[in-house]
Amino acid sequence: MTPPLLHVENLTIDFDARHGPVRAVDGISFELAAGETLGLVGESGCGKSVTGLALMGLVPSPPGRVVDGSVRFEGFECVGAPEKTLRSLRGKTMSMIFQEPMTALNPVFTVGRQLIDVLRRHEPLDRRQARRRAVEMLERVGIPRAAARMDEYPHELSGGLRQRIMIAMALACRPRLLIADEPTTALDVTTQAQVLAEIRELTEALGTAVILVTHDLGVIAEVCDRVAVMYCGRIVEQAPVDAVFRQPRHRYTEGLVAAVPRIREVPIERLPTIPGTVPEPGRWPSGCRFAPRCAYADAACRAAPPALRPIGESVAACLHPAGDGR
Ligand SMILES: Nc1ncnc2c1ncn2[C@@H]1O[C@H](COP(=O)(O)OP(=O)(O)OP(=O)(O)O)[C@@H](O)[C@H]1O
Ligand SMILES: [Mg+2]
């Protein structure tokens, strides 16, 4: 069997806080095959972005660091690899669309210059060829007057345009792995569909694997093959996308899925929400971290964190799963 494109094992990330290190990502493991799209979901603060950054070797350090685990890309161990090696992988081999576009764009260079630089760093193109490719990429992500935009600075553009430019930049070198962190949240629905179609086209044509981080389960349903649900730094359930919507297993996943509006259901009732809020890192309960918000939790759930186990088509860490529990 060929090894997976990406193999993440026991990835554990801490951040320094005032009173010492606080765990943000707590031993997560997953695999990704070439061409596969994995959705990473979960409420705010559960560690999705930090996970994405860690795959790219970009956890801000200090205050953050990978304290344990392994990230192997085509067999190559990225954790602890020299910065120079990681830099040569970024952009060409793996690329990230950041949640906040301004963190990725340099305010002092024009959009065109930044795109051309990325292209030329990784591909043997002269300036004119790179410029043409850059304009083409901007057009593909639906930027009007693409050629003129090349000479503008990031601050001259709207949030939606900036996000599309970042998407163009991430896709420019046709990476093998694309990490897309909330790539469409700043976009209107039409552009969102266009951008998702572009991402999907790329994965199909080039076998690019995608990790799509989003709160939007509708987007997940549309583009992902598989879903990993994160809660308080852990993956609590992983399953094929249709299984997650048909029969979520973890009670947290069940709550997330139940909160998605279903257009055909008339009359529209108040959507169920998950009671309570996500505890901050450093304040996680010792048993199942979802227990304080879960209607099914009992003493066993509170005693120790449940291990991941196969339940139906899922792998989930829940003692009282939804469905028939097998
Ligand atoms: N730069 C940082 N400094 C300190 N702590 C951080 C930093 N970045 C992240 N963290 C910690 O890691 C936790 C997880 O953050 P992360 O950004 O991964 O959440 P997320 O799941 O992406 O949330 P959201 O859906 O809001 O984007 C945060 O709650 C915070 O405690
Ligand atoms: Mg995030």
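Structure: above.
Residues numbered from 1 in each chain as written. Chains lettered and ligands numbered in written order. Predicted model: local features only at pLDDT ≥ 70, side-chain atom pairs only at ≥ 80, totals over all residues.

Draft legend 1. Unusual backbone geometry, seen in detail. Put simply, Ser61 and Pro62 share a cis peptide bond, and its omega is -10°. Positive phi, close to 50°, is recorded for Arg145, a residue that is not glycine. Along the chain, Arg145 falls in the loop between helix H5 (127-140) and helix H6 (146-149). Here the phi dihedral of Cys232 falls at roughly 45°; this positive angle occurs in a residue that is not glycine. Tracing the backbone shows Cys232 in the loop between strand E9 (226-231) and strand E10 (234-240). Overall, Cys232 belongs to the buried group, with 26 C-beta atoms counted inside 10 Å. (Helix = DSSP H or I, 4+ residues; strand = E, 2+ residues; numbered from the N terminus. Buried ≥ 20, exposed ≤ 12 C-beta atoms within 10 Å, placed from the backbone.)

Draft legend 2. Region of interest: the sheet that holds strand E2 (residues 20-32). Within the open sheet, the four strands sit side by side as E2-E1-E4-E5. Their pairing is antiparallel. Since the sheet does not close on itself, it has two edges, and those belong to E2 and strand E5 (76-77), each with one partner. Across two bridges, the pairing between strand E4 (residues 64-73) and E5 is antiparallel. What sits directly across from Arg72, in E5, is Glu77. Across the sheet, helix H1 (residues 48-55) is in contact with strand E1 (6-17), E2 and E4; its angle to E2 comes to roughly 70°. (Pairing = 2+ DSSP bridges. Contact = placed C-beta atoms within 7 Å. Axes fitted to C-alpha atoms, helices over the stretch in contact; angles between N-to-C directions.)

Draft legend 3. How the structure looks around the environment of Pro275. The topology assignment puts Pro275 in the loop between helix H11 (251-258) and helix H12 (299-303). The exposure class assigned to Pro275 is exposed, which follows from the 10 C-beta atoms found within 10 Å. Between the C-alpha atoms of Pro275 and Pro292, which are 17 residues apart in sequence, the distance is 9.3 Å.

Draft legend 4. Up close: the nonpolar core. Grouped together as the largest cluster of nonpolar side chains are 88 residues, with contacts concentrated most on Ala54, Leu115, Ala168 and Val229. Per element, the largest residue contribution to this core is nine residues, and it comes from helix H7 (residues 159-172). Not counting residues up to four positions away in its chain, the partners in contact with Ala168 are Leu115, Met137, Leu138 and Val141. (Core = buried A, V, L, I, M, F, W, Y, C linked by C-beta atoms within 7 Å.)

Draft legend 5. Up close: the site of ligand 1. Around ligand 1 there are 15 residues in total, and Ala24, Ser44, Lys48, Ser49 and Val50 lie nearest to it. Per element, the largest residue contribution to the shell around ligand 1 is three residues, and it comes from H1. The residue makeup of the shell around ligand 1, split by class, is seven nonpolar, seven polar and one charged. (Near = placed C-beta within 6 Å. Nonpolar A, V, L, I, M, F, W, Y, C, P; charged D, E, K, R; others polar.)

Draft legend 6. Broad picture of the pairing of E9. The buried fraction of E9 is high, at five of six residues. One ladder, built from four bridges, connects strand E3 (residues 37-41) with E9; its direction is parallel. Considered in E9, the bridge of Leu38 is made with Arg226. Relative to E10, E9 runs antiparallel, the two being bridged by six bridges. When the sheet's bridge partners are listed, Tyr231 is paired in E10 with Arg234. Once E9 ends, the chain turns through two residues before running back antiparallel as E10, passing Cys232 with a positive phi of about 45°.

Draft legend 7. Broad picture of the packing of helix H4 (residues 111-122) against H7. Where H4 meets H7, the axes come as close as 9 Å, and the angle between the chain directions of the two elements is 15°. Compared by their axis directions, H4 and H7 come out roughly parallel. The crossing of H4 and H7 is right-handed. Taken together, the residues of H7 that come into contact with H4 (itself represented by Val111, Gln114, Leu115, Val118 and Leu119) are Ile165, Ala168, Met169 and Ala172. Taken together, the residues of the contact of H4 with H7 break down into eight nonpolar, one polar and no charged. (Parallel < 35°, antiparallel > 145°, perpendicular 65-115°, else oblique. Left-handed = near helix turned anticlockwise from the far one by under 90°.)

Draft legend 8. Inspection of the sheet that holds strand E8 (residues 209-213) at higher detail. Pairing within the open sheet is mixed, and its eight strands lie in the order E6-E7-E8-E3-E9-E10-E12-E11. Each end of this open sheet is capped by a strand with a single partner; those strands are strand E6 (94-97) and strand E11 (309-311). Looking at each pair of strands side by side, their axes are set apart by 20° on average, direction ignored. The pairing of strand E7 (residues 177-181) with E8 spans five bridges and is classified as parallel. Its bridge partner lying in E8, Ala180 is registered against Leu212. In the packing of H11 onto the sheet, contacts are made with E3, E9 and E10, and the angle to E9 comes to roughly 110°.

Draft legend 9. Main features of H4. With twelve residues, H4 should cover 16 Å at 1.5 Å per step; its first-to-last C-alpha distance of 17 Å lies within 8% of that length. Those residues of H4 not exposed but buried are Val111, Gly112, Gln114, Leu115, Ile116, Val118 and Leu119. Looking at the buried residues of H4, the elements they touch are H5, H6 and H7. (Expected span 1.5 Å × (residues − 1).)

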